[in-house]
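Each chain, written out:
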Amino acid sequence: MKARCRLGIFWAFITAVLFTTCQSQPSFFAAVEPLPTLVLTLSILPIPPTPLLTPTQILASATPSATPTAVPPTPTPTHTQTPTVTPTAHYQLALNVTQPQGYLSQFRLVAFYGSPTGPGLGIFGELPREQMHQQLLATIAEYEPLSDRPILPAYHLVTTVANPYPPTYRHHASLELIESWIEEAKVLETAVILDIQPGRADLMSEYNRVEYLLYEPHVHLAIDPEFTMNNWQVPGANIGQLYAEQINAIQAKMNAIGAAIGLNRVLILHQFRPAMLPDKALIEDYPYVEIVIDGDGVGAAGAKIRNYTTYAAEPAFEFGGFKLFPTDGDYPIMTPTDVMNLAPQPVLIIYQ
C-alpha cells in the first residue's frame, strides 16, 4: 500500500516538472512568422473631357438637328485605300442654316454613272476606283475651258437596282458599300448622286433607306421613272412612270434637309419619253430643292438634242442634265463642245 502511494507521488512529480518545462518554451505555432497582409490600391485615372465642336465644325459635318429614325450603325469600311488625287474644285462651303444657298447655281457636275457593286450598268464600277477617278478628272478637264463655273466630279451611284424578278423587282447595293464611296468622295471633294430604280417596291420606302445620307452636303438624289413600275409592269419589258404626287412627297422631305444643313438639295429626274413624267405641271417648286430634268436615252445626237430642248420648255424644268453613252449606243458620241452648245447649258453631264 505504501509502495503504491510512493509511486503515485513520483508520477505526480514528473508530470509537474514536464508541464513547467513546456510552459517555459515557445510554442511551435508562435515561432512561425505570420503571412503579410496583401493590400490592393485602385488608382482611378481622370477621364479627359470631350472637346466641344465649334459652330463651323458642326455645320461642316452637316449633322441634322434631329437624328433621323432607323439610322443603321456606321460599319467599318473594308474597301481599298483612298486614292490620293488632288481635286480641281471645292464643294466645301460656309453653310448658313438661316439662309440655305444654291448648289447648281455655283457648280457644274460631270458624273460617271453605274453601280458600286461592279460592272454592268455603266462606266462607274467597271474600273478600279483610283483609275476611274483619274479618268473622270481627265473628262472634266475637257469641259473646264467651256464652263462658266467650277466643275465638280460626281459619282452617280445606282443604289436601288431594278431587275425582272418578283416580288419587288429590285435589289440593293449595301449601305456599307454606299457609305464607303461617300466617305472617299468627301476626301476627294467629289459629289455623290444616289440613284433609285424602285421596280415595284414602294418609292418612299426606298427613299427612306438612304435619306440619312442626304444630310451630307455633297450627296444628292436621282429617281429613274423608267424603272418605277406599277403593279403589272416589269423592268426591262416596260417603261415606267413617275407622278408629281410621288415627286412632291420626296421634295418635301428633301426641302427640310436643305433648310437644316444650309445648302439646297438636288433632285434629278431622268427622262427620254413624255409618258415617264406624265403630269409635270403638278410638280411643285420647293425653295431648298433644285430639280434637274436629265435628258436620258441612247441614240442619235439629233434626237437627244431635240428631247433636251423640248424638256427645257416644259413645266418643272429648273436645271438641265444630259446623259451620254460613249460605249453603249450613242451615234455619234457628242463632244464636250457639242454638249456645252446646248441651250440652256446643262449643269449636270452624265457618262454611262
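Quick look at the structure, then. Throughout this description, residue numbers start from 1 for each chain and increase along the sequence as written. With the structure being a predicted model, the display of local features is reserved for residues of pLDDT at least 70 and the display and counting of side-chain atom pairs for 80 or more, all residues being used for whole-chain, interface and lining totals. Hydrogens and water molecules were not included; the side-chain quantities draw on all heavy atoms of the structure.

**A short note on the pairing of strand β1 (residues 108-114)**
Note on exposure labels: buried denotes an accessible area under 20% of the residue type's maximum, exposed denotes more than 50%, and partly exposed covers the range between, all computed with a 1.4 Å probe on protein chains only. A run of DSSP states H or I qualifies as a helix once it reaches four residues; a run of E qualifies as a strand once it reaches two. Both are numbered from the N-terminal end. By the criterion of burial, β1 is predominantly enclosed, with 7 of the 7 residues buried. Burial along β1 is two-sided: the face carrying Arg108, Val110, Phe112 and Gly114 and the face carrying Leu109, Ala111 and Tyr113 are both buried. Clockwise travel from the first strand over the helix to the second, with the strands pointing away from the viewer, marks a crossover as right-handed. This β-α-β element, β1 to helix α3 (residues 129-143) to strand β2 (residues 151-162), shows right-handed connectivity. Looking at chain direction, β1 and strand β9 (residues 348-351) are connected through 4 bridges and run parallel. By the bridge assignment, Leu109 is partnered in β9 with Leu348. For two strands to be treated as a pair, DSSP must find at least two bridges joining them.

**Looking at unusual backbone geometry**
The residue after Pro166, namely Pro167, is reached through a cis peptide bond having omega 5°. The linkage connecting Tyr331 with the following residue, Pro332, adopts the cis geometry, with an omega of -10°. Within the secondary structure, Pro332 is located in the loop between β8 (319-324) and α8 (336-340). The backbone of Glu189 sits at a positive phi, close to 50°, despite the residue not being glycine.

**Details of the layout of surface pockets**
Space inside the second largest pocket adds up to approximately 260 Å³. For the second largest pocket, the lining is made up of 20 residues, of which Tyr113, Asp224, Glu226, Phe227 and Gln352 are closest to its centre. Taken together, the residues of the lining of the second largest pocket break down into 10 nonpolar, 5 polar and 5 charged. A cavity, in this analysis, means grid points on a 1 Å lattice covering only the protein atoms where a 1.4 Å probe fits yet has no way out; a pocket is instead an open set bounded by protein on both sides within 12 Å along at least five of seven lines, and a residue lines either one if it has an atom within 4 Å of a point. Grid points are joined across faces, edges and corners, and a volume is the space filled by probe spheres set on the points. Note on residue classes: Ala, Val, Leu, Ile, Met, Phe, Trp, Tyr, Cys and Pro are nonpolar, Asp, Glu, Lys and Arg are charged, and everything else, Gly too, is polar.

**With respect to the pattern of salt bridges**
The salt bridge definition used is simple: a Lys or Arg side-chain nitrogen within 4 Å of an Asp or Glu carboxyl oxygen. Per the counting criterion, the structure on display carries 9 salt bridges. Where Glu314 meets Lys280, a salt bridge forms, and the shortest distance between an N and an O atom there is 2.6 Å. You can see Glu314 sitting in the loop between α7 (301-312) and β8 and its partner Lys280 sitting in the loop between β6 (265-271) and β7 (289-295), a full 34 residues away along the chain. Under the relative-accessibility criterion, Lys280 is labelled buried at 6%. Connected via shared salt-bridge partners are Arg108, Asp148 and Arg149.

Note that all results are geometric; they support no functional claim without further evidence.
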